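Each chain, letter by letter, is given below.
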Amino acid sequence: MTDFHQTDEPQSGETIAIITTNKGQMKLRLFPELVGVAAENFIELAKQGKYNNVPFHRVIKNFMIQGGDFTNKNGTGGHAASGKGESIGDVYDPRLRHIRGALSWAKTSAPNSIGSQFFIVHAENGAHFLDHPPGGHSHEGYTVFGQLYEGFGTLDSIAETKTDGRDKPKEEIIIENVEINYFTYMKTVFNFSAGPSILPKQATEEAKAAITDFAGTGIGILEMSHRTKPIEGMVAETESLLKELLSIPEGYEILFLGGGASFQFCMVPINLLGTDSVADYTDTGLWASKALKEAKKFGKVNVVCSSKDSIYNHIPKTFEQTPGATYLHVTSNNTIYGTQWKEFPKANTYLVSDMSSDILSRPIDVSKFGLIYAGAQKNMGPAGVATVIVRSDILGKVERDIPTMLDYRTHIPEKSMFNTPPVFSIYVMNRVLHWLKNLGGVAEMEKINAKKSNLLYDALDNSKLFKGTAAKEDRSTMNIPFVFREDAVAADKKESLEKDFLKTAVEKGLEQLKGHRSVGGFRASIYNAMPIEGVEALVAFMGEFEKKVFG
Ligand SMILES: Cc1ncc(COP(=O)(O)O)c(C=O)c1O
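Computed from a predicted model, the values in this text were never measured in an experiment.

Thresholds applied
Residues numbered from 1 in each chain as written. Predicted model: local features only at pLDDT ≥ 70, side-chain atom pairs only at ≥ 80, totals over all residues. Helix = DSSP H or I, 4+ residues; strand = E, 2+ residues; numbered from the N terminus. Buried ≥ 20, exposed ≤ 12 C-beta atoms within 10 Å, placed from the backbone. Contact = placed C-beta atoms within 7 Å. Pairing = 2+ DSSP bridges. Axes fitted to C-alpha atoms, helices over the stretch in contact; angles between N-to-C directions. Expected span 1.5 Å × (residues − 1). Parallel < 35°, antiparallel > 145°, perpendicular 65-115°, else oblique. Nonpolar A, V, L, I, M, F, W, Y, C, P; charged D, E, K, R; others polar. Core = buried A, V, L, I, M, F, W, Y, C linked by C-beta atoms within 7 Å. Domains from an automatic or database assignment. Near = placed C-beta within 6 Å.

A. The arrangement of the overall build of the chain in detail. The number of helices and strands found in the chain is 13 helices and 21 strands. Going through the 551 residues of the chain one by one, you find that 42% of them count as buried. Counting only contacts in the chain whose residues sit at least 6 apart along the sequence, the fraction spanning at least 24 positions is 65%.

B. Structural detail: the pairing of strand 17 (residues 386-391). Here strand 17 lies mainly inside the structure; five of its six residues are buried. Bridge count between strand 16 (residues 369-375) and strand 17: five bridges; the pairing is antiparallel. Pairing of Ile 372 across the sheet is with Ile 389, part of strand 17.

C. Expanded view of the sheet that holds strand 21 (residues 522-525). In spatial order, the strands read 18-19-21; together these three strands make up an open sheet with antiparallel pairing. Across the chains shown, the open sheet's two edge strands, defined by having one partner strand only, are strand 18 (466-468) and strand 21. Between one strand axis and the next, the sheet turns by 30 degrees as a mean value, whatever way the strands run.

D. Quick peek at the sheet that holds strand 15 (residues 351-354). An order of 9-17-16-15-12-10-11 is seen for the seven strands of this open sheet, with the pairing classed as mixed. Lying at the two open borders of the sheet, with one neighbouring strand each, are strand 9 (252-257) and strand 11 (300-306). Pairs of neighbouring strands in the sheet enclose a mean axial angle of 20 degrees, with direction left out of account. Pairing of strand 10 (residues 278-283) with strand 12 (residues 328-331), which is carried by two bridges, proceeds in the parallel orientation. Bridging across to strand 12, Tyr 281 finds its partner in His 329.

E. Focus on helix 12 (residues 491-507). Across its 17 residues, helix 12 extends 25 Å between first and last C-alpha, which sits within 8% of the 24 Å expected from 1.5 Å per residue. Directly beyond the C-terminal end of helix 12, a positive phi value near 85 degrees is found at Gly 509.

F. Representation of the packing of helix 10 (residues 423-439) against helix 11 (residues 441-461) in the model. The geometry of helix 10 relative to helix 11 is characterised by a closest axis approach of 7 Å and an angle of 80 degrees between their N-to-C directions. In terms of orientation, helix 10 and helix 11 fall into the roughly perpendicular class. Between helix 10, through Leu 436, Lys 437 and Leu 439, and helix 11, the contact on the second element is made entirely by Gly 441, Glu 444 and Met 445. Class assignment for the residues of the contact of helix 10 with helix 11 results in three nonpolar, one polar and two charged.

G. Quick peek at the nonpolar core. One finds Leu 371, Ala 374, Val 388, Tyr 427 and Ile 526 to be the most contacted residues of the largest nonpolar core, which totals 95 residues. Sort the elements by how many residues they give to this core and helix 10 lands first, with nine residues. Each of domain 2 (201-438) and domain 3 (441-550) accounts for three or more of the residues forming this core. Ignoring any residue separated from it by four or fewer positions in sequence, one finds Val 388 in contact with Leu 255, Leu 257, Gln 264, Leu 371, Tyr 373 and Tyr 408.

H. Region of interest: the site of the ligand. Residues in close proximity to the ligand include Gly 195, Gly 260, Ala 261, Ser 262, Trp 287, Thr 331, Thr 335, Asp 354, Ser 356, Ser 357 and Gly 375, which together make up its full environment. With three residues, the top contributor of residues to the shell around the ligand is helix 7 (residues 260-272). Looking at the shell around the ligand residue by residue, the class counts come to two nonpolar, eight polar and one charged.

So this is what it looks like as structure tokens:
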């Protein structure tokens, strides 16, 4: 584990406490092992008002610490150790190292009496004399840390215990209305990963809380049986939220199944495609080609169109469907190549669609589809669950003997609970759906997505260095691949410049921008949860990089 204590900056994930008082704010790093130990006690006590009206330390600058104990006949300084630091009260200060150094000799005894330890903080705003409180006198830095803040007695009472009159505190500040909030410090990072990908912060925070206490039950969601009311209720609510958000008409069933979207590549034809029947598949990308390859194992597949020869840079729109085909399969958004069906083709029968990378990004007319499936790990939640929306009247038409777990009809009456479902993944989805609903639903989301993607596409179209790779009319609002323009970067410089772009991007907190190997260059996945600020930051960085290249 990283030694967080040795770094001057808080680490992502570290807990920070912000103590707000009538005298201003103090930020403290609470190292992971401290939370729940001394610092927690302090926070709890402060919440109970124990520190209200108690003389409290102000933020101290340019400090030096000395420690001693009263066992020395002459009073202070007998076992003195010292350390220096620049500030107390800044999140970024290295003070704890020094404090630890200064107090590593500390021993246990009663406070404010002969034999007790103390330390003195000499600071630019006065010397402060702090008692060493009872209990937990470990030599470990973290205990000392807790003590430092728990140990603020009144300066008067400490002054009484001084034997030699030195280091008399120069000032006393009454701190009132202590309010403590703590939060997890997160480095500002914009995650452009294609999946698993960025999720709404609110949803992950809620999910985090549920790990230890789900719905006020006192039991963590990971430890709770799926056959309990709270979980059954949550799954049912997730289903109804999805129904509402996608305006799913009557006659459709919603399932949450394990195995991801790839599992649906076989489950779809097993359930829908008779051995001697034909299904039409559109070949618009790698995932589409995987889906059709799998379907060939269970029936006849007619690949009605393909853009493979042009590295899937567009959606072929004119093609003939096979008369009598059972269904027409489309991949609504091609994650790798950044193309998207803007208008779905009209199927002779019904459409089946893999919507893994753009579900919930825009309104869709579900009634055109016999079946929709989507892995959750882009717009809906974490990996581990796939959502299936199926019109029940298309099931039961094939003659094969379908293994129980592979049969949609097993899961429908069981409400996705035939076996243990991926409860936690469904719960995160539940929180994401709430977030989306509060935001205004998919119609609002579509507008936001248009704004975000237009911002990036405009930047690409006006750039002398970069260009998008997908045909303009088919451009995805979710995944945006881009490369260096051939006329801007010589072939032998391309690789090193790409590396430079990606490395500098990471330094700026712009993560996961590497393109898929089949397209090269870069890809920005800007799913629903990507805030517009992320796209703005990327566009600004691309502009800076372009300036650097052209001088
Ligand atoms: C469009 C599409 N379909 C299917 C998949 C495969 O999903 P899973 O890993 O859940 O099987 C992906 C993954 O990126 C995808 O983008």
